[in-house]
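# Reading the structure
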Amino acid sequence: MDLTKEQKIRLYTNLVRVRKLDETMVKALLTGKISTFFHSGEGQEAVGVGACSFLREDDYLFPSHRGHAISKTLIKGLPARIILAEHYGRITGCCDGVSGFHTCDMKLGIPGMSGTLGGHFPLAVGMGLAAQLRGKKQVVMVIEGEGTYARGTFHESMIMAATWKLPNLFIVENNQIMGNTPVKIIHPKDDFADLGFGYGVPAKVVDGQDVFAVHKEVQTAIDRARADEGPSLIECKTYRIQPHAVGLPDTLLGRPRTQEEIEVWRKRDPIKLAQKRLLKEGVLTQVDIEKIDGGAANEMEEADRLAWADPMPTDPKEILKKALYAE
Ligand SMILES: Cc1ncc(C[n+]2csc(CCOP(=O)(O)OP(=O)(O)O)c2C)c(N)n1
C-alpha cells in the first residue's frame, strides 16, 4: 500500500529526530561531559526508522548496539530523555526496567539488548512462539549488524522460526564493517539475504539509505507475519560513517580507513535522500524542512536538560529492585 503524505512526513521527521539524538550523545562524549563510549549510527538511520516507524506498540523489538539502538527504540516510543539519562548515569535511565543502551521497556515491547551479540535470536524466536500461541498477530523483530549473523544462534533460530512459521522478522543492518574488519573477510557471499533461501524463508536486499524502500520491504514482511505466513529476512545495505565507537581509532585491518569511501556514502545520506524526494513530490517545502529540523532540535535539547536534571542513583538495592522485571 502506498504511504500517505502524513506517513511520509513521519518517516522523514523520525530520521531527523534520530540524527539529532545521535549528535546529542556524541557532543556529550566529545565535550567530556560523559566518559562512556558510543557506537554512533550516523548515516544508518533509515534502517531502524524504516523498519520500526509503523510497528504496533504490542509488537516486540530486539535491537543491536549500533547507535545504541536509538533508530529503533526512540521510534518505538522510548523517550529521548530516558535514553540520555541512562547514558548520563541518572536514576530514570536505570530504574523502572527502562534503559537506553540496554533498551528495555516491556510496556513498549522492548525486552532488552544482549551485550553478547546474537543472544537475541533464540529469545526472539521464543517470543515469536509465544506471540503465535497468543494469536494477537504480534510480530517480533530482530535487527542486528551483519557480523552478528555469523553466530550459530541465528541459524538455530531460523530453522525453528521457518519450520513453525513464527511471526519473526530478521533485519540485517549491513554497514559493511564488523568492528575493524571489512565484511568481505567474514562472509563468503555478497548478500546476507541469501541466508534466508536455505531455510525456505523469503529474503530481500534493500537500499538501507532509502527509508521508503526499507519501510516498503519491512511492511510486506510484517503483513506476511501477521497473516501467519512465517518469518522473513531483509538485508539493508548501509554504511558506518563514524568509527566503531566514537573516539576509537578508525581502522580497517590495522590501517586507517580511507576518507574517500566515507565521502561516497555521505553523498547518499538518508536524510538528504528523503529530503530530495519529498521536495520533488511536493510533500514538503523548504520551510517545512526547517520546521522539522527545529522541532527535533528542541525535542533533544529539552530531553538533554531533563536527563541532566535527573538525580544520580544512590541506593544500589533500589536500582536492582526496580531494574529487574519478570513477566
Ligand atoms: C558474541 C560477541 N562477540 C563479540 C562481541 C564484541 N563486539 C561488539 S560490537 C562488535 C562488532 C559487531 O559487528 P556487527 O554485528 O556487524 O555490527 P556493527 O558494529 O557493524 O554495527 C563486536 C565483535 C560481542 N559483543 N559479542
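Shown above is the structure to which this text applies.
A quick note: this is a predicted structure, and the numbers were derived from the prediction, not measured.

In this section: the overall build of the chain. Counting its secondary structure elements, the chain contains 14 helices and eleven strands. Relative to the compact-globule value of 20 Å for 327 residues, the chain shows a C-alpha radius of gyration of 19 Å, a close match. Its C-alpha atoms give the chain principal-axis dimensions of about 50 × 50 × 45 Å. Put simply, the chain has 327 residues, and 47% of those count as buried. When contacts within the chain are restricted to residue pairs at least 6 apart in sequence, long-range pairs at least 24 apart make up 77% of them.

Before going further, it helps to examine the site of the ligand. As a structural note, the neighbourhood of the ligand is formed by 16 residues, with R66, L117, G145, G147 and T148 the closest of them. For the shell around the ligand, the secondary structure elements donating two or more residues are β4 (140-145) and β6 (177-178). Its residues placed into classes, the shell around the ligand shows three nonpolar, nine polar and four charged.

Before going further, it helps to spend a moment on the pairing of strand β9 (residues 232-237). Within β9, six of the six residues are buried, which leaves it mostly tucked inside the rest of the structure. Here β9 shows two buried faces, one formed by S232, I234 and C236 and the other by L233, E235 and K237. Relative to β9, strand β5 (residues 168-174) runs parallel, the two sharing six bridges. Directly across from V172, in β9, lies its bridge partner E235. Examined bridge by bridge, strand β8 (residues 203-207) and β9 share five bridges and lie parallel to one another. Bridge pairing links K204 to I234 in β9. Following the chain from β8 across helix α10 (residues 211-226) to the adjacent parallel β9, one finds a crossover that is right-handed.

Note that S53 resides in the loop between α2 (45-52) and β1 (60-62). Sequence separation of S53 and L74 is 21 residues, and the distance between their C-alpha atoms is 9.6 Å. If we skip the residues at most four places from it in the chain, S53 touches R10, L11, N14, I75 and H215.

This brings us to α10. Along its 16 residues, α10 runs 22 Å from first to last C-alpha, staying within 8% of the 22 Å computed at 1.5 Å per residue. All of the buried residues in α10 are V211, V214, H215, E217, V218, A221, I222 and A225. On the buried face of α10, the contacting elements are α1 (5-30), α2, β5, β8, β9 and α12 (270-280). Looking one or two residues past α10, D228 carries a phi angle of roughly 65 degrees, positive in sign.

Ranked by size, the top nonpolar core spans 73 residues in total, and within it L15, M141, L169 and I171 carry the most contacts. When sequence neighbours within four positions are dropped, the list of residues in contact with L169 reads V139, M141, V218, A221, I222, A225, P231 and S232.

This paragraph deals with the packing of α2 against α10. Where α2 meets α10, the axes come as close as 8 Å, and the angle between the chain directions of the two elements is 40 degrees. Relative to α10, the element α2 is oriented oblique. For the crossing formed where α2 meets α10, the hand is right-handed. For the pair α2 and α10, the contacting residues are A46, V47, V49, G50 and A51 in the first and V211, V214, H215 and V218 in the second. Of the residues belonging to the contact of α2 with α10, the class tally is seven nonpolar, two polar and no charged.

Looking now at unusual backbone geometry. Here the phi dihedral of A69 falls at roughly 70 degrees; this positive angle occurs in a residue that is not glycine. Within the element layout of this structure, A69 appears in the loop between β1 and α3 (70-76). Judged by the 28 C-beta atoms lying within 10 Å of it, A69 falls in the buried class. The phi dihedral of D228 falls on the positive side, at around 65 degrees, and the residue is not glycine. Tracing the backbone shows D228 in the loop between α10 and β9.

So, on to the pairing of β4. Across the six residues that make up β4, a large majority, six, are buried. Taking every second residue as pointing to the same face, both faces of β4 are buried, with V140, V142 and E144 on one and M141, I143 and G145 on the other. Inspection of the sheet shows β1 paired to β4 by three bridges, in the parallel sense. Bridge assignment links F62 to a residue of β4, and that residue is V142. Sheet topology places β4 next to β5; six bridges connect them, and they run parallel. Residue V142 lies in a different strand from β5, and its bridge partner there is F170.

Criteria and thresholds
- Residues numbered from 1 in each chain as written.
- Predicted model: local features only at pLDDT ≥ 70, side-chain atom pairs only at ≥ 80, totals over all residues.
- Helix = DSSP H or I, 4+ residues; strand = E, 2+ residues; numbered from the N terminus.
- Rg over C-alpha atoms; globule rule 2.2 N^0.38 Å.
- Buried ≥ 20, exposed ≤ 12 C-beta atoms within 10 Å, placed from the backbone.
- Contact = placed C-beta atoms within 7 Å.
- Near = placed C-beta within 6 Å.
- Nonpolar A, V, L, I, M, F, W, Y, C, P; charged D, E, K, R; others polar.
- Pairing = 2+ DSSP bridges.
- Right-handed = clockwise from strand over helix to strand, strands pointing away.
- Expected span 1.5 Å × (residues − 1).
- Core = buried A, V, L, I, M, F, W, Y, C linked by C-beta atoms within 7 Å.
- Axes fitted to C-alpha atoms, helices over the stretch in contact; angles between N-to-C directions.
- Parallel < 35°, antiparallel > 145°, perpendicular 65-115°, else oblique.
- Left-handed = near helix turned anticlockwise from the far one by under 90°.

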